[in-house]
Amino acid sequence: MTKRTPRVLVADDDAVALLVAQTALESAGFEVLGADNGSAAITLFAEHNPECVILDVMMPGMNGFEACRAIRATSAGANVPILIMTSRDDVDAVARAYESGATDFTSKGISSRLMIERVRFLLREHQSRQALVVSEGRLRMVQEMAQVGHWEVDNAGHTLHVSRVVCSLLPALESAGGHLALLASALRSRDGRRLLEAFRAWQESRTPFRLEAELRTGANLHIQGTTTPGADAAGTATLTLAVQDISKLRRAQQRAYRLANFDSLTGLPNRAQFLDTLAGELGSLKPGEPLGVLVFRLRGLERLQQSLGQAACDAALVNTSRLILDATVHDGGAAFAHLGGGEFAYCSSGCNSPALAASVARNVARVLAAPVTGQGWTANFLISTGIVMWPSDGENAETLLENARTTAARGMSTAESCHEFFASDDQQRALRLLDLESAMHGALERGELSLAYQPRFRLANRGLRGAEALLRWNHPVLGSVSPMEFIPIAEDSGLIMAIGSWVLQEACRQAAAWHARFGSHLTISVNVSAYQLRVPRTLVEDVLAALRSTGLPASALELELTETMMINATSETLAALHELRSLGISIALDDFGTGYSSLGYLRRLPVDCLKIDQSFVSDLSADEGAERVLQAILGIAGALRLRTVAEGIETPAQLEFLNKHGCLEGQGFLLARPLANHALEELLAESEAIGATGSSNAA
Ligand code: C2E
Ligand code: MG
Ligand code: MG
């Protein structure tokens, strides 16, 4: 931006004086406008907007004072420097000059050089004043945007200057003339005292201060006090207070804090907040000092939600959270939180032994034993509580809480409210084994054992050939337990002997009933345990007893033994197997391919059938090598003249491959899952109708 040459308007009715001034100013580089009376000066001012005006007082028509007033009244002239030339020693004229708005005066007849310097000074001073106006305007704008006000007080606290923002926060300030004490009394009493203390410290030692305070109206302020920059330090220093309204910020912070740390439904602390408190508590405990953490899981919410909807469910959560809260002890070091869903957590340093923790759990269960009511509904809830103890059950707040949660989840299947203590994975496995073992005693007597029957088919025509008896255990609390899990336990505890002979008896009885009812000659396959095989006499006696008492022909019974059992068989066992075979009972090698029997060895075994392990069948879909392995197995079986049964057929492709490569029989989910007796009978009835049951075991 190029600066134009400064213009100076000079008005004087004295033509010579005007000419002298004009020549001098022009030689100093100014552009000069000349007027010989007041009204001409006003016209020239309006037309040319000069940067500086010099007016003689005495002029015909309109004098200098009137012209000055008229120029000041225009918007362009409000701030322009105006110099009035009075006669020497005319003190009245000086006063009138200022009254009419002149910036300064000078006496007529000063030297041209002085005149030039005077004009230069006025212009410089005008420029810096303008710059100050602009910067103050900017400051004001920024302060208003940030809601920061400033307030300058003297050493006694009296207002020297106060900005609009402060006045709007403290309306009493303007009317009462203003003292810092006004702000102190508008604050909440404690904050007011803090402000006055900080002010006193400033008075004594010029200590700057910064504090947050709340107005009695509820607004939050941030107040910062510093000695006004540039103010004299020797007793006359003034204090500048920056006062900011931070209510919105505080509200946003409080909201963010609430959202981050509290559950919006129950208003209780959430997981994050609970972990914070718990970590703090753990940090404050002496080494080795115990602390209990409990997680409560409410049971019955889903039912309520399904029948009455989410609103009832929410109300139930709120009501039960209050009940649990009331049932737990809330001393200094306690915390209670809503983790989400029907899960709540509690910890307390007062709850410092497993016995105390258990009594808290019992209290909660007792309170929740009564029905909970809401608007138009009544519901019953169960509660399962997981208890962990610091420091043994987790190394920090997170693991403690997680362990308490999984412990609480463990109790979810019990029929009543319950509490459990944490156990590590190893401990849990050991506990489960103990649970299973003690539950297995008497399982047979209590009628918890039953048999399922998985049909076996001829692959070429899907003719039903037989069924494998598979043991099932359904415990009222543990639920249904897999034979893979409970058979080893029954073996270790010796219970397998009684169970094994029951299975033989039951399977034969059932098969005999099918024979009688459907006239079929279905074979029943019974799995035999290695433990049974170790006492071969008992096995033979059990088999004979079962056949005798049920009337099932020996040819309709097949015993399944694994390869490993065969490899470890004693000569006594082998003799027993030969004996059984000679009676017409067939022997199948179960899970064939998973053991390591050599071809030569296989040839000498008393075996009629190979049950190809399901792992080979499922591999068929996965890789091509598997096809060759299966073909080899089928080749071996063919060479040894053994029947083959493929286990675990799940897809039509597997079935097709096996059939194509000479596997005669198979079982698997594709053909039929293990069935309850009545379902197998339905299948038999159907097969009977289409004539698909085989009447002999021959291939
Ligand atoms: P296993 O004798 O090899 O029995 C076959 C297992 O494979 C059964 O499991 C059966 O349900 C399952 N299965 C059948 N078809 C398919 C299929 O298409 N896909 C898959 N993935 N699996 C299939 P289950 O009933 O759990 O029996 C497991 C094991 O428990 C049996 O293996 C057997 O070793 C043992 N077991 C079962 N009942 C008795 C019993 O009465 N006495 C003895 N000692 N052991 C038994
Ligand atoms: Mg089997
Ligand atoms: Mg098997």
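These figures come from a predicted structure and were not determined experimentally. (Residues numbered from 1 in each chain as written. Chains lettered and ligands numbered in written order. Predicted model: local features only at pLDDT ≥ 70, side-chain atom pairs only at ≥ 80, totals over all residues. Heavy atoms only, no water.)

Student: How should I be thinking about the coordination of the magnesium ion (ligand 2) in this particular structure?
Tutor: The reference angle at a metal is 109.5 degrees if four donors form a tetrahedron and 90 or 180 degrees if six donors form an octahedron. Protein-derived ligands of the magnesium ion (ligand 2) are Glu468 (OE), Asn527 (OD1), Glu560 (OE) and Asp590 (OD), with the metal-ligand distances lying across 2.0 to 2.3 Å. Between the donor residues of the magnesium ion (ligand 2), the gaps in sequence give the motif E-x58-N-x32-E-x29-D. The metal-metal distance between the magnesium ion (ligand 2) and the magnesium ion (ligand 3) comes to 4.1 Å, with aspartate 590 coordinating both. Taken together, the residues glutamate 468 in strand E19 (residues 463-475) and glutamate 560 in strand E22 (residues 557-562) connect sequence positions 92 residues apart. (Donors = N, O, S within 2.8 Å, 3.2 Å for Na, K, Ca; no water. Helix = DSSP H or I, 4+ residues; strand = E, 2+ residues; numbered from the N terminus.)

Student: What should I look at first to understand the packing of helix H16 (residues 425-440) against helix H17 (residues 483-492) in this one?
Tutor: Two measures define how a pair of helices packs: the angle their axes make with one another and the distance between the axes. For the pair H16 and H17, interaxial distance at closest approach is 10 Å and the crossing angle is 70 degrees. The angle between H16 and H17 falls in the class roughly perpendicular. Here H16 runs over H17; the crossing is right-handed. Seen from H16, the contacting residues are Arg432, Leu433, Leu436, Glu437 and Met440; seen from H17, they are Glu485, Phe486, Ile489 and Ala490. Residue classes in the contact of H16 with H17 are distributed as 6 nonpolar, no polar and 3 charged. (Axes fitted to C-alpha atoms, helices over the stretch in contact; angles between N-to-C directions. Parallel < 35°, antiparallel > 145°, perpendicular 65-115°, else oblique. Left-handed = near helix turned anticlockwise from the far one by under 90°. Contact = heavy atoms within 4.5 Å. Nonpolar A, V, L, I, M, F, W, Y, C, P; charged D, E, K, R; others polar.)

Student: Mind showing me how you'd approach unusual backbone geometry here?
Tutor: Peptide bonds are trans in most cases, and residues, glycine excluded, mostly fall at negative phi. For the bond running from tryptophan 390 to proline 391, omega is 5 degrees, close enough to zero to count as cis. For proline 391, the position within the fold is in the loop between strand E16 (382-390) and helix H15 (397-410). Positive phi, normally seen in glycine, also occurs at aspartate 591, with a value near 50 degrees. You can see aspartate 591 is positioned in strand E23 (residues 586-592). For aspartate 591, a relative accessible area of 26% corresponds to the partly exposed category. Phi is positive for arginine 641, which is not a glycine, with a value near 55 degrees. (Buried < 20%, exposed > 50% of the residue type's maximum accessible area, 1.4 Å probe, protein only.)

Student: Any chance you could explain the pairing of strand E11 (residues 291-299) here in plain terms?
Tutor: Both faces of the sheet carry side chains from a regular strand, because those side chains alternate between them. Of all 9 residues that make up E11, 8 are buried, and the element is covered over most of its length. Inspection of the sheet shows E11 paired to E16 by 9 bridges, in the antiparallel sense. Bridging across to E16, arginine 297 finds its partner in serine 384. Bridging between E11 and strand E13 (residues 343-348) involves 6 bridges; their strand directions are antiparallel. Residue pairing in the sheet places leucine 294 in a bridge with tyrosine 346 of E13. (Pairing = 2+ DSSP bridges.)

Student: Can you walk me through the packing of helix H13 (residues 310-327) against helix H14 (residues 354-367) in this structure?
Tutor: Interhelical geometry of H13 versus H14 gives an angle of 140 degrees and a closest axis separation of 9 Å. Considering the angle they form, H13 stands oblique to H14. Where H13 crosses over H14, the two elements pack in a sense that is right-handed. Taken together, the residues of H14 that come into contact with H13 (itself represented by Leu323, Ile324 and Ala327) are Asn363, Val364 and Val367. Taken together, the residues of the contact of H13 with H14 sort by class into 5 nonpolar, 1 polar and no charged.

Student: How do you make sense of the packing of aromatic side chains when you look at a structure like this?
Tutor: What characterises a pair of aromatic rings is the spacing of the ring centres plus the angle enclosed by the ring planes. Under the definition given, this model contains 6 aromatic pairs. With a centroid separation of 5.9 Å and 15 degrees between ring planes, the pair formed by phenylalanine 199 and tryptophan 202 is classed as stacked. In this pair, phenylalanine 199 and tryptophan 202 both sit in helix H9 (residues 189-205), 3 residues apart, roughly one turn of the helix. Ring centres of tyrosine 453 and tryptophan 514 lie 5.0 Å apart, and the angle between their planes is 80 degrees; this geometry places the pair in the edge-to-face category. One end of the pair, tyrosine 453, is in strand E18 (residues 449-458); the other, tryptophan 514, is in helix H18 (residues 496-518), and 61 residues separate them in sequence. What makes tyrosine 453 buried here is its relative accessible area of 1%. Look at tryptophan 514 and you get buried, because its relative accessible area is 0%. Over the ring of tryptophan 202 we find arginine 206; its NZ or CZ atom is 4.3 Å from the centre of that ring. (Phe/Tyr/Trp six-rings, centres within 6.5 Å; stacked < 30°, edge-to-face > 60°. Lys NZ or Arg CZ within 6 Å of the ring centre and 35° of its normal.)

Student: I keep staring at the environment of alanine 357 and nothing clicks. Help me out?
Tutor: Tracing the chain through its elements places alanine 357 in helix H14. Residue alanine 357 is classed as buried on the basis of its relative accessible area of 0%. In sequence terms alanine 357 and glycine 386 are 29 residues apart; their C-alpha atoms lie 9.8 Å from each other. Excluding residues within four positions of it along the chain, alanine 357 makes contact with Leu294, Cys351, Ile387 and Met389.

Student: Which parts of the structure should I look at to understand helix H26 (residues 652-660)?
Tutor: Given 3.6 residues per helical turn, the α-helix brings residues three or four places apart onto the same face. For H26, the set of buried residues is Gln654, Leu655, Phe657 and Leu658. Within H26, the buried residues cover an arc of 165 degrees as seen down the axis, which keeps them to one side. For H26, the exposed residues set more than 90 degrees away from the buried face come down to Pro652, Ala653, Glu656 and Lys660. Those residues of H26 hidden inside the fold are in contact with helix H24 (614-622), helix H25 (625-639) and strand E25 (643-646). Glycine 662 sits one or two residues past H26 and shows a positive phi near 90 degrees. (Arc of directions from axis to C-beta.)

Student: Looking at this structure, I do not really get the confidence of the model for the protein. What am I missing?
Tutor: Interpreting fine coordinate detail is not advised for predicted regions of low pLDDT. Overall, the prediction assigns the protein a mean pLDDT of 90, with 97% of residues at 70 or greater. Here residues 695-699 is modelled with pLDDT under 50, and outside its nearest four sequence neighbours on either side it reaches 10 contacts, counting other chains as well. (pLDDT = per-residue confidence, 0-100.)

Student: Would you explain the coordination of the magnesium ion (ligand 3) in this entry?
Tutor: The protein atoms that coordinate the magnesium ion (ligand 3) are Asp590 (OD), Asp591 (OD), Glu647 (OE) and Glu647 (OE), at distances of 2.1 to 2.4 Å. Here the donor residues for the magnesium ion (ligand 3) map to a single chain with the spacing D-D-x55-E. Since its relative accessible area comes to 7%, aspartate 590 is described here as buried.

Student: What is the right way to look at the domain arrangement of the protein in this model?
Tutor: The figure often quoted for interface size is the accessible area lost as the parts come together. Under the domain assignment, the protein is made up of domain 1 (7-144), domain 2 (146-250), domain 3 (266-422) and domain 4 (434-693). Computed from C-alpha atoms alone, the centre-to-centre distance between domain 1 and domain 3 is 86 Å. (Domains from an automatic or database assignment.)

Student: Is there a simple way to think about the site of ligand 1 in this case?
Tutor: Taken together, the neighbourhood of ligand 1 is formed by 23 residues, with Gln454, Glu468, Gln614, Glu650 and Phe669 sitting nearest. Between ligand 1 and glutamate 647, the relevant distance is 3.1 Å, taken from an oxygen atom to a side-chain nitrogen or oxygen of the residue. Listing elements by their share of the shell around ligand 1, those giving two or more residues are E19, H17 and E23. Sort the elements by how many residues they give to the shell around ligand 1 and E19 lands first, with 4 residues. (Near = heavy atom within 4 Å. Polar contact = N/O pair within 3.5 Å; in protein donor to acceptor, adjacent residues only side chain to side chain.)

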